[in-house]
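Understanding the architecture of this molecule
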Amino acid sequence: MKLSKVRNSVRLPKVLIALLICTFSTISVLAQLPAGYPQNFPQGTIPGYPNGIPTQNTPTTTPGMIPAGDGARTVETTEIEELEMTHEDSVRVALEEQETEDLELEELRRKIFGYKLFNGRTFDPNSVLNIPTPNNYVLGANDHVIVDIYGSYTQSQQEVIVDADGYITLNRAGAIKVGGLPFEEAKNNIKNALAKTTYGFSNGSTKMRVSLGDVRSIKVNITGEVIAPGTYTMSSLNTILNALYRAGGPSEVGSFREVRLVRDNAVIATLDLYDVLVKGFSNENRLLMDQDVIQVPPFKNRVAISGQMKRKGFFETKDGEKLSDLIAYGGGFSPKAYTHRVKIYRNTPREKEILDVVSNDFEAFIIKSGDSLTVAEVIDRYTNLVSLEGAVYRPGEYSVNSNQTLKSLIQNAEGLLPDALIGRVSIIRTNDDLTTSNISVNYRDILNGEAEDVELKREDIVMVPSKFDLYEESFIRISGAINNEDAEEGVEIPFARNMTLEDVLARVGGLTEAASLTRVEIVRRKKNVDVSKANAQISEIINLMVSPDLEVVSGRSNVTLEPYDEIFVRRSPNYEEQKFVELQGEVFYPAKYGIESKEERISDVLKRAGGITLQAYIPGATLIRTIELSEVELEQRRQAYEDLAGAADDSQVLELEEVEETIEESIGIDLAKILRRPGSDEDLILRDGDIIRIPQALETVRVQGEVLYPTSVKFSSKNNFTDYITGAGGFTKQSFKRKSYVRYPNGSIDRTRKFLVFNIYPKVQPGSEIIIPQKAQNGAEQLTAFGNILGTLSATLGTVFTIYSLVRLNTPAAD
């Protein structure tokens, strides 16, 4: 019976302990999962679900099936629909190919010389009706003819229309034949008919003026290789060029050199558009008549021009035209063209060949269809160039034809500078194999007649060195209490011979008021250091005393400065600039006060300011001091700014300013103790720039941070920390209560303390600010903390049950 009780008493704690361990393990696994589980898992990362968590409405697509909407329904496609989709794709591809071909064709057309004439927006050759009637204009049916008779016999103006038979009818003259006649000839017929019935024409007292009114419309057929062939209706004043413009001009295979005008089944004119393009006019640009045909045949010969020509592209040539004609069509050579020889690339019946044509053969060389003219650029090289560099008055490039020797070249360069090193003139010469060689010349011997003059060659470079090129640039540096903005870093002055300390002091602006006239030091380099001695002198120190007039009055006399001397003007230890503190707030005389001694304290300045007023809030007194940041603090601030800049997205604009090296900090002071015990440790020694701020009596407490309604609450001596939190609405779920703190009016801080599981909040004074921080834990951290708590709790319960089991084992069973 006892054995059974023992077994039962042991089994129960074991089961409970195992259950708690399983619970703890599960919570620990959950604590390690990120916040938002399972939504934040990417596909294929959740254990047990390699393809992610399955959802009920996940759409699946199989051949012949189309997802419908949210995946709850699918639509089955038929073979006809699939064929229709394939047809649409093929149409789209065909349209894309056609668009590509059109772009390539347009690019080809733009390269054809003359194409832009008919496709430019600013070119408009359409006929203008308000112009004098051309004498070669042929009258026809429906032309309006205006006849005006004046002089000794006057008749009202008549406007008549040419009938279908070519006649017009005038008063006193009857029917007159004008149709099919040029305008000038028709005028003579009208004059002759009127002269028979009208007085004054024979002796000239009666005169006649004939003009053309509304012109007839004609139809012209444009055929052949044009952009838009067809039949066009236009006025009878139009020419071949006008009609071609209406049709868009010749196409990419149309001829610009042989535009035919066909009338009554015969070619009556052939227009060469190159005459219009090159010369600006053509005698074959005829006026059109009704039912004329303009026929543009394919081109016969087309050649290409590239390289250094004014015009590039494709040009059309006639049989027998020469290379010189093609060059003229191309506008001639560009300024950089190599005109002595050009290259022609030609197609033979079997392969290609290249031909070199020299300038003398341009007039005789016949161009063939398919030829490509390429004009190279002139070589970047001079045939007669020599260069002169260095210590001469006019360095630069010269002609070797006018400067055949070294002496003549230097003379034409206005001679040598005084610092020229004439004994070591160098000539850099380019050899035939493009290597270079150096020729050293003693120009002094040439001037003295002791050596022959050197003959120069093309591309020679003559270099005349300067004496200054052989010396290191030297300077003198001065720093310290000098009247110069760069005094701290030091001012460098180029060295000059016979320079003295007085000269340097005058050049940098003299000395400041703080300079010690008895402590001017010159540190000079040693050029003969004995390296065998450990205590060898490595520099020479010269101490001098100067007067206010910058004259040396004591020390080494007649000191002349040498290159690289360092001059230090020490600051006088007895000189001290004024320092100030500022009193603000509730004192009788708030203002800026000068610090009288190095040990002046807060109480001393308050006494000079007349003391504090009755309205002063003594616990709120604050000392504000400017603190220089250390290098570590500056680096931390720079890193913080860089992190902010890196975290800013494209929608934010973050302007990074330079990190200030000083900050203002509030130092909490106990003004009551300072007033009671002046000179005590609480009574701080003042520094330059300190600000003592004494506020009025404060009546509110400000509550900020993680509270429901951050606000200011009226101070009451009966209220404690939690009362003010209640006045601000209470804590939020994110409130970090045990990290709460109070900032007092004087700048001091007091934090919340903890005793067991209780928070001991700080006291609150008038004008204080209560700050409740936010918890920084994310979801995973909270789960981890909760898991740790449960782990501790399970371990505690396990211990309790263990003790309980031991107690039961040791307890004697009742009879």
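For clarity, every value in this text was computed on a predicted model and none was experimentally measured. (Residues numbered from 1 in each chain as written. Predicted model: local features only at pLDDT ≥ 70, side-chain atom pairs only at ≥ 80, totals over all residues. Heavy atoms only, no water.)

What to know about the overall build of the protein chain
Broken down by element type, the protein chain carries 15 helices and 40 strands. In the protein chain, buried positions account for 32% of the 815 residues. If you sum the accessible surface of the protein chain, you get close to 51900 Å²; carbon and sulfur atoms cover 50% of it. (Helix = DSSP H or I, 4+ residues; strand = E, 2+ residues; numbered from the N terminus. Buried < 20%, exposed > 50% of the residue type's maximum accessible area, 1.4 Å probe, protein only. Areas by Shrake-Rupley, 256 points an atom, 1.4 Å probe, with all protein chains shown as cover.)

Observations concerning the nonpolar core
Soluble globular proteins: nonpolar side chains tend toward being buried together. Among the nonpolar cores identified, the biggest contains 44 residues, and Leu244, Leu288, Ile294, Leu323 and Leu373 are the most heavily contacted of them. Setting aside anything within four residues of it in sequence, one finds Leu373 in contact with Ala304, Ile305, Ser306, Leu323, Leu326, Ile327, Val342, Lys343 and Ile344. (Core = buried A, V, L, I, M, F, W, Y, C linked by side-chain atoms within 4.5 Å. Contact = heavy atoms within 4.5 Å.)

Things to note about the sheet that holds strand β14 (residues 313-317)
In space, the five strands of this open sheet follow the order β14-β13-β17-β15-β16, with mixed pairing throughout. Each edge of the sheet is formed by a strand with only one pairing partner; in this case those strands are β14 and β16 (352-358). Averaged over all pairs of adjacent strands, the angle between their axes in this sheet comes to 25 degrees, without regard to strand direction. Bridge count between strand β15 (residues 341-347) and β16: seven bridges; the pairing is antiparallel. Bridge pairing in β16 links Arg346 to Glu353. (Pairing = 2+ DSSP bridges. Axes fitted to C-alpha atoms, helices over the stretch in contact; angles between N-to-C directions.)

Remarks on a nonpolar patch on the surface
Side chains of Phe755, Leu756, Val757, Phe758 and Ile760 sit close together on the surface and give an oily, nonpolar patch of about 590 Å² of accessible area. The residue Phe755 is located in strand β38 (residues 753-755) in this model. (Patch = residues over 30% accessible without salt bridge, like charges linked within 9 Å, V, L, I, M, F, W, Y side chains within 5 Å. Salt bridge = Lys/Arg side-chain N within 4 Å of Asp/Glu carboxyl O.)

Here's the deal with the pattern of salt bridges
Side chains that differ in charge, positive against negative, can pair when their charged atoms come close. Applying the stated criterion across every chain yields a total of 28 salt bridges. As a salt-bridge pair, Asp460 and Arg429 come within 2.7 Å of each other at their nearest N and O atoms. Taken as a pair, Asp460 in the loop between α9 (443-447) and β22 (461-464) and Arg429 in strand β20 (residues 425-430) lie far apart in primary sequence, 31 residues in all. With its nearest N and O atoms 3.4 Å apart, the salt bridge here joins Glu576 to Lys579. Classification of Lys579 as partly exposed rests on a relative accessible area of 37%. Through salt bridges that share partners, Arg257, Asp272, Lys318 and Glu321 make up one connected network.

Some thoughts on a negative patch on the surface
A contiguous patch of negative charge on the surface is contributed by Glu97, Glu99, Glu101, Asp102, Glu104 and Glu107. Position of Asp102 among the secondary structure elements: in helix α2 (residues 79-110). Judged by relative accessible area, Asp102 falls into the partly exposed class, the value being 40%. (Lys, Arg positive; Asp, Glu negative; His and termini not counted. Charge placed at Lys NZ, Arg CZ, Asp CG, Glu CD.)

Looking at the packing of aromatic side chains
Scanning all chains against the criterion turns up eight aromatic pairs. Residues Phe475 and Tyr564 carry aromatic rings whose centres are separated by 5.5 Å and whose planes lie at 85 degrees to one another, so their mutual orientation is edge-to-face. Pair noted here: Phe475 is in strand β23 (residues 475-480) and Tyr564 is in the loop between β27 (552-555) and β28 (566-571), with a separation of 89 residues, a long-range link. Given a relative accessible area of 24%, Phe475 falls into the partly exposed group. A residue is classified by how much of its surface remains accessible, and Tyr564, at 14% relative accessible area, is buried. Ring pairs connect the aromatic residues Phe113, Tyr274, Phe315 and Tyr329, which therefore count as one cluster. Over the aromatic face of Phe299 sits the side chain of Arg302, whose NZ or CZ is 4.0 Å from the ring centroid. Taking the ring centre of Tyr564 as reference, the NZ or CZ of Arg525 above it sits at 3.9 Å. (Phe/Tyr/Trp six-rings, centres within 6.5 Å; stacked < 30°, edge-to-face > 60°. Lys NZ or Arg CZ within 6 Å of the ring centre and 35° of its normal.)

What about the side chain of Arg109?
Assignment of secondary structure puts Arg109 in helix α2. According to the relative accessible area criterion, Arg109 is buried, its value standing at 16%. Those residues in contact with Arg109 that lie beyond four places of it in its chain are Tyr115, Ile227 and Glu252.

Notes on the pairing of β14
With four of five residues buried, β14 lies mostly within the body of the structure. In terms of strand pairing, strand β13 (residues 301-307) meets β14 through five bridges, oriented antiparallel. When the bridges of β14 are listed, Ile305 appears paired with Gly313. Linking β13 back to β14 in an antiparallel pair, the connection comprises five residues.

Points about the pairing of strand β25 (residues 515-525)
Relative to β28, β25 is paired through five bridges, and the arrangement is antiparallel. Within the sheet, the bridge partner assigned to Val523 lies in β28 and is Glu566.

A word on the confidence of the model for the protein chain
In the predicted model, the protein chain carries a mean pLDDT of 82, and the fraction of residues at 70 or more is 84%. When the criterion is pLDDT under 50, residues 1-12 qualifies, and its contacts beyond four places in sequence or with other chains add up to four contacts. (pLDDT = per-residue confidence, 0-100.)

Section: a positive patch on the surface
A surface patch of like charges, here positive, comprises Lys737, Arg738, Lys739, Arg751, Lys754 and Lys775. Relative to the assigned elements, Lys737 resides in the loop between α14 (721-727) and β36 (741-743).

Re the side chain of Glu321
Mapping Glu321 onto the fold places it in the loop between β14 and α7 (323-329). Residue Glu321 is classed as buried on the basis of its relative accessible area, which comes to 11%. Only 2.6 Å separates the side chain of Glu321 from the side chain of Tyr329, close enough to count as a polar contact. Excluding residues that lie within four positions of it along the chain, Glu321 makes contacts with Arg257, Glu316, Tyr329, Phe365, Ile366 and Ile367. (Polar contact = N/O pair within 3.5 Å; in protein donor to acceptor, adjacent residues only side chain to side chain.)

Quick word on the sheet that holds strand β31 (residues 622-628)
Judged by pairing direction, the sheet is mixed, and its five strands sit side by side in the order β30-β29-β33-β31-β32 without closing on themselves. Pairing within the sheet leaves two strands with one partner each, and these edge strands are β30 (592-594) and β32 (662-668). This sheet shows a mean twist of 25 degrees between the axes of neighbouring strands, independent of strand direction. Pairing geometry for β31 and β32, over seven bridges, is antiparallel. Considered in β32, the bridge of Glu628 is made with Thr662.

Digging into the environment of Leu117
Here Leu117 lies in helix α3 (residues 115-119). A relative accessible area of 16% means that Leu117 is categorised as buried. Placed 160 residues apart in sequence, Leu117 and Leu277 show a C-alpha to C-alpha distance of 8.2 Å.

Regarding helix α4 (residues 183-195)
For α4, with 13 residues, the first-to-last C-alpha span of 18 Å sits near the 18 Å given by 1.5 Å per residue. Buried within α4 are the following residues: Phe183, Ala186, Ile190, Ala193 and Leu194. Along α4, the residues classed as buried sweep out an arc of 95 degrees about the axis, all on the same side. Those residues of α4 hidden inside the fold are in contact with β3 (144-151), β5 (167-170), β6 (174-177) and β7 (206-212). (Expected span 1.5 Å × (residues − 1). Arc of directions from axis to C-beta.)

A closer look at unusual backbone geometry
Most peptide bonds take the trans form, and the phi angle of most residues other than glycine is negative. Even without glycine at this site, Leu434 takes up a positive phi of about 70 degrees. Following the sequence through the fold, Leu434 ends up in the loop between β20 and β21 (436-441). In this structure, Tyr564 takes a positive phi of about 70 degrees despite not being glycine.

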